[in-house]
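Residue-level listing of the chains:
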Amino acid sequence: MAALLKISGLIDRLSEIIGKFSGYLVLACTLISAGNALIRYLFNYSSNGWLEIQWYLFGFIVLLGASHTLRLNEHVRVDLIYGAVSDRARLWIDTIGLIVFLIPACIYLAWLAWPFFALSYAQGEVSSNAGGLIRWPVKLIIVAGFSLLALQGFSELVKRIAGLLGVLRVDTTYEKPLQ
């Protein structure tokens, strides 16, 4: 279990680094959006490339930030019973959810997205919009995002099992959103 917890710690660190990078992408997306609007209104000039890079960055933010969000236990959760059960029951709910749903779904989606990316890369696919960008980077991020989420799911699974075995104290506190 100690070796698995060490691997889990490395995965957590990777998710943290990539999550922080995603945070900086929010700033970049905001600056590009503001710059694009400014140029459009001041100089009556616009480029599809500027619009597309904003969409790409938004995809990068969501897909790369998902593993960090899972690590922080801030992901979307359907709380029908989770808030009303014991910590041990929450560990079991998380464990089953990770094994049955999250990890298999992420692996499957990454597997499905790989040929989508590979074909785009091989063909040198470019957006059909005038001034559009190459498409393969955003398609690669689909593969990377789901792969990172599967890795973080594995890390969370290791921690939940360690919690069930009494080796590690896992905080299962979950606050419902205020809406």
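The model shown is predicted, which means the values in this text are computed figures rather than measured ones. (Residues numbered from 1 in each chain as written. Predicted model: local features only at pLDDT ≥ 70, side-chain atom pairs only at ≥ 80, totals over all residues. Heavy atoms only, no water.)

The topology assignment puts Cys-29 in helix α1 (residues 2-43). Leave out the neighbours within four places in its chain, and Cys-29 touches Gln-54, Leu-57 and Ile-61. (Helix = DSSP H or I, 4+ residues; strand = E, 2+ residues; numbered from the N terminus. Contact = heavy atoms within 4.5 Å.)

Scanning all chains against the criterion turns up five aromatic pairs. Each ring, one from Phe-117 and one from Tyr-121, has its centre 5.9 Å from the other, and the planes form 35°; the classification is tilted. Remark: Tyr-121 and Phe-117 occur in helix α3 (residues 87-123); sequence separation between them is four residues, near one turn of the helix. The aromatic ring of Phe-116 is capped on one face by Lys-139, whose charged end is 4.1 Å from the ring centroid. (Phe/Tyr/Trp six-rings, centres within 6.5 Å; stacked < 30°, edge-to-face > 60°. Lys NZ or Arg CZ within 6 Å of the ring centre and 35° of its normal.)

On to the side chain of Ser-127, then. Residue placement: Ser-127 occurs in the loop between α3 and α4 (136-165). Residue Ser-127 is classed as buried on the basis of its relative accessible area of 6%. A distance of 3.3 Å separates the side chain of Ser-127 from the side chain of Arg-135, its partner in a polar contact. When residues no more than four places from it in sequence are discounted, the contact partners of Ser-127 are Glu-52, Gly-132, Leu-133 and Arg-135. (Buried < 20%, exposed > 50% of the residue type's maximum accessible area, 1.4 Å probe, protein only. Polar contact = N/O pair within 3.5 Å; in protein donor to acceptor, adjacent residues only side chain to side chain.)

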